[in-house]
Amino acid sequence: MDTRVTKLLGIKHPIIQGAMARIADGRLAGAVSAAGGLGVIACGGASIAWIEEQVRIARSMTDNPIGANVMLMDPQAHEVADVLAKLRVDVITTGAGSPGKYIEQWKEAGAKVVPVVASSALAARMQRCGADAVIAEGTEAGGHIGELSTMALVPQVCDTVTIPVIAAGGIADGRGVAAVFALGAEGIQVGTRFLTVEECCIAEAYKAKVLAAKDSDTIVTGRGAGHPVRCLKNAWSRNVRSLEDAAASPDELERLYAGSLRRAVEGDVDGGSLMAGQAACLVHERRSARDVVEELMAQGMSRASLGLQGLADASALRVVRKRS
Ligand code: TUI
């Protein structure tokens, strides 16, 4: 399927893998790019040497474009910005802030620049700064989030900018793909669905938690401090939330947050921050990254083209299920 996003980024399928901090490495990004989507290496909290190594790994897996993400709250975002320009990464996405001051440098290095936005005001600002596209990420997403839902945010961003819009937040299967195309998006960013793929490095116990998640199993920590983060409910996140609600001291909370994502990735499913989006409940199996990219496209396209017929089929199916 061709959209302005596939043409802009030079990819076969308009599927971008979300840059999950400490999770999205060169192996995952390389697998998604090799499958015709855009794999994105998450640079938040990583060393420069690690970033260089992951770009090398992804490039050893495919000649297709690869992306990398700069987490703008990262104290070393400036150094990360420089190394991605030096490595001539094809696509640079950003999160948790405004990348305005880096855009010129990245474009001079030949990168396509695609910031994540959580409001139409920031989308308009990014377009004025020269961004090539924006990712409109709804609050259903995992990790650091904004306030607006994907359903409300995506059409408003589409009405605000002329550059292509990629939708993110709450999309984990073909129904979500078809829905955001109907809202005006020309690409989809998917994070949580890639947590359980074979090429994803997180511990088996973290994957099992995602596979077992129900619709009400995510929680948001950090709202009070102005850094809301969505993760799965567990002993750690319930404890953090109750301490936050009881206005615990910033020092005490900082101690709990320190290393929480690393612990989760290593398999401490009680004591770590298991970042995941609301669509975790839609993730049912461990597949390869290629299977996920291809299934999202195939199901998304058949849903979108079926349109109202698809709705009729779905409600007919529900009737059959209820009777059986
Ligand atoms: O960045 C993300 N998601 C992330 S980053 C991350 S790393 C982390 N590790 C430990 C604790 C906390 C975070 C985990 N997940 N998504 C992109 C995103 N950006 N979502 C929302 C935004 C956003 C919000 C407000 C972008 C810009 C913004 O406003 C900036 C402005 O200047 O107006």
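Residues numbered from 1 in each chain as written. Predicted model: local features only at pLDDT ≥ 70, side-chain atom pairs only at ≥ 80, totals over all residues. Heavy atoms only, no water.

**Describing the site of the ligand**
Phase 1 of the analysis: The full set close to the ligand counts 16 residues, and Ala96, Val116, Glu137, Gly143 and His144 are the nearest of them.
Phase 2 of the analysis: Between a nitrogen atom of the ligand and a main-chain N or O atom of Ala96, the distance comes to 3.0 Å.
Phase 3 of the analysis: The separation between a nitrogen atom of the ligand and a polar main-chain atom of His144 is 2.9 Å.
Phase 4 of the analysis: Relative to its unbound accessible surface of 710 Å², the ligand loses 72% to contact with the protein.
Phase 5 of the analysis: Secondary-structure elements contributing two or more residues to the shell around the ligand are helix 6 (120-128) and strand 7 (143-144).
Phase 6 of the analysis: Here the residues of the shell around the ligand sort into eight nonpolar, six polar and two charged. (Near = heavy atom within 4 Å. Polar contact = N/O pair within 3.5 Å; in protein donor to acceptor, adjacent residues only side chain to side chain. Areas by Shrake-Rupley, 256 points an atom, 1.4 Å probe, with all protein chains shown as cover. Helix = DSSP H or I, 4+ residues; strand = E, 2+ residues; numbered from the N terminus. Nonpolar A, V, L, I, M, F, W, Y, C, P; charged D, E, K, R; others polar.)

**Looking at the pairing of strand 6 (residues 134-137)**
Two faces belong to every sheet, and in a regular strand the side chains alternate between them.
Phase 1 of the analysis: Burial of the side chains of strand 6 extends over both faces: Val134 and Ala136 are buried on one face and Ile135 and Glu137 on the other.
Phase 2 of the analysis: Examined bridge by bridge, strand 5 (residues 112-117) and strand 6 share two bridges and lie parallel to one another. Across the sheet, the residue bridging to Val117 is Ala136, located in strand 6.
Phase 3 of the analysis: In terms of handedness, the path from strand 5 via helix 6 over to strand 6 forms a crossover that is right-handed.
Phase 4 of the analysis: By the bridge criterion, four bridges tie strand 6 to strand 8 (residues 165-168) in an arrangement that is parallel. (Buried < 20%, exposed > 50% of the residue type's maximum accessible area, 1.4 Å probe, protein only. Pairing = 2+ DSSP bridges. Right-handed = clockwise from strand over helix to strand, strands pointing away.)

**Details of the pairing of strand 4 (residues 91-95)**
Phase 1 of the analysis: Of all five residues making up strand 4, five are buried, and the element is well covered by its neighbours.
Phase 2 of the analysis: Side chains of strand 4 alternate between two faces, with Val91, Thr93 and Gly95 and Ile92 and Thr94 buried alike.
Phase 3 of the analysis: Relative to strand 4, strand 3 (residues 67-71) runs parallel, the two being bridged by five bridges. Following the sheet pairing, Gly67 is matched in strand 4 by Val91.
Phase 4 of the analysis: Read from strand 3 through helix 4 (residues 77-87) to strand 4, the crossover connection turns out right-handed.
Phase 5 of the analysis: Bridging between strand 4 and strand 5 involves four bridges; their strand directions are parallel.

What is shown is where atoms sit, not what they do.
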